[in-house]
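Coordinate inspection notes
The lines below spell out each chain.
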Amino acid sequence: MDEREARAILGMHRAGETGLDEARLQEALRKAETDPELARWWNEDKELDLLIASKLVHTPVPAGLKARITSGVEMQPSVVRPNWSRAILLAAASIVALAVLFSSWRGPFQPAASMADYRDEMVSFIKVAPNLELESSDLERLQDFLEKAEAPARLSVPKKLRNYEPLGCRVLRFRGRDVSLVCFKLGGDKLAHLFVTDAKTVSTDGSASDPVYAAEEDWMTATWTEGDQSYLLTVKGDRAALEKFFSNS
Amino acid sequence: MAEIDPEQLVETYYAPLYRFGLSLSRNEADAGDLVQQTFYAWATKGHQLRNPSKVKTWLFTTLYRDFLAKRRHADRFVETEDALDFIEPLHVSPSVIDALDCAIVQKALHALDDRYRAPVTLFYMQQHSYREIAEILAIPIGTVMSRISRGRAELRDELSDAAAAEGRKIVRMGGDQAHG
């Protein structure tokens, strides 16, 4: 085996892989052990591949893609059925039935997602203008639509935000729960996005009936809880751009 | 029975699937659509999968098939068997590659011949064995390895050109010549 052939084989060798001719691979490996120049070349070759891989893995993924996937597709947990014999399957079925029963007991105690995760995902969703399921400037009509969709529909819109015309609404999913989104026109291209979900969906700091503000890149968010619902309002801009909706003056 | 958490599935695979879709389509919007379509397929047909350990391969295979199905000029992409041979790629100094922006590396990948781009992308994702890549692309493992070998060589050439265009010094190992 000449050095050129050894390089070609070593270049394709990855730990734990099968597929290469074992005898030729072993010969190339032995050659690398006795040839420092070949060993140096191989180490650099591996380093080069790792560098290229690390560059490619940093290719940016569009903001909002994940939220679009999870909201655009109604994804129920998928049960993967191993190819067991019928007898084993029947025996397993009774165990599974008990497991399902047990899991349904556990449901109410499943931990809520953190507010930071919720905020991050909702903001990432609207970074790319979302498709609305219903466009209407009539808030009651939007609420009727949300009610029919069995999503949170009894919306407590901040008083000052009610002065603005709604644009439309849609329902999205977060961690298996419905979230209603209602968009309001603020003038020009600016929009305010109001997300409403069951208070159990996200963990909040205490009652948090007063808005809690947090920045998410170019977006400012306010979150609060009212009754059994959790609210998130976001606009592009600074804190003042949001505070005006909650001021009493 | 093993239950697969759909949100965990999205969390784990949406980014690598997007990068694979981007390398195939060379278009961000199309790549996003391919990923969305893949998870839609999972939501509607995923229950048919019998072996949970095959979820990753199933997702990548589905995306690849969807991409092929959407190609307009299918006759241009008839798969042919490659002879099993490996070639020694041009050796570029790691420091040169390290200095390159990831967008340049992505561009070099996009410049690869269609036959090489998919296996090379999966190779550099470092998540798939040669056997899994063969399964995803529905080609023999020997063909996968030949294409990766040639694709790596092509990619190194592209990166070498890209680095030279940026005025960097390329060191060719073996003869240790310098150019650029």
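Residues numbered from 1 in each chain as written. Chains lettered and ligands numbered in written order. Predicted model: local features only at pLDDT ≥ 70, side-chain atom pairs only at ≥ 80, totals over all residues. Heavy atoms only, no water.

1. Details of the overall build of chain B
In terms of regular secondary structure, chain B is built from eight helices and three strands. Helices (α) and strands (β) of chain B occur, in sequence order from the N terminus, as β-α-α-α-α-α-α-α-α-β-β. Residues classed as buried in chain B amount to 52% of the 180 residues present. Contacts spanning at least 24 positions in sequence make up 70% of the contacts within chain B whose residues lie at least 6 apart. (Helix = DSSP H or I, 4+ residues; strand = E, 2+ residues; numbered from the N terminus. Buried < 20%, exposed > 50% of the residue type's maximum accessible area, 1.4 Å probe, protein only. Contact = heavy atoms within 4.5 Å.)

2. Let's talk about the pairing of strand β4 (residues 166-174) of chain A
All names here are of chain A. The buried fraction of β4 amounts to seven of the nine residues, a majority that puts the element mostly inside the structure. One ladder, built from eight bridges, connects β4 with strand β5 (residues 177-187); its direction is antiparallel. Each residue of the ladder has a partner; that of G168, found in β5, is C183. Counting the residues in the hairpin turn of β4 and β5 gives two residues, including R175, whose phi is positive at 50°. (Pairing = 2+ DSSP bridges.)

3. Observations regarding the state of the cysteines
Residues and elements named next belong to chain A. Tallied over the full model, the rule gives zero disulfides over all chains. With no disulfide of its own, C169 has C183 as its nearest cysteine by sulfur position, at a separation of 8.5 Å. On the basis of relative accessible area, C169 is assigned to the buried category, the value being 0%. (Disulfide = S-S within 2.5 Å.)

4. Side note on the packing of helix α6 (residues 114-125) of chain B against helix α8 (residues 141-165) of chain B
All names here are of chain B. Viewed as axis vectors pointing N to C, α6 and α8 meet at an angle of 90°, and their least axial separation amounts to 8 Å. The pairing of α6 with α8 is recorded here as roughly perpendicular in orientation. Of the residues in α8, those in contact with R115, Y116, P119, V120, F123 and Y124 of α6 are R147, I148, R150, G151, R152, E154 and L155. Of the residues that constitute the contact of α6 with α8, the class distribution is seven nonpolar, one polar and five charged. (Axes fitted to C-alpha atoms, helices over the stretch in contact; angles between N-to-C directions. Parallel < 35°, antiparallel > 145°, perpendicular 65-115°, else oblique. Nonpolar A, V, L, I, M, F, W, Y, C, P; charged D, E, K, R; others polar.)

5. Describing the sheet that holds β5 of chain A
Spatially, seven strands are ordered β3-β4-β5-β6-β10-β9-β8 (chain A) in an open sheet, and the strand pairing comes out antiparallel. Each of the sheet's edge strands pairs with one partner strand only, and the pair in question is β3 (134-135) and β8 (212-216) of chain A.

6. Thoughts on the pairing of β5 of chain A
All names here are of chain A. Note: β5 against strand β6 (residues 190-198), eight bridges, orientation antiparallel. Looking at the pairing, F184 lines up with A192 of β6. Between β5 and β6, which follow one another and run antiparallel, lie two residues, and G188 among them has a positive phi close to 65°.

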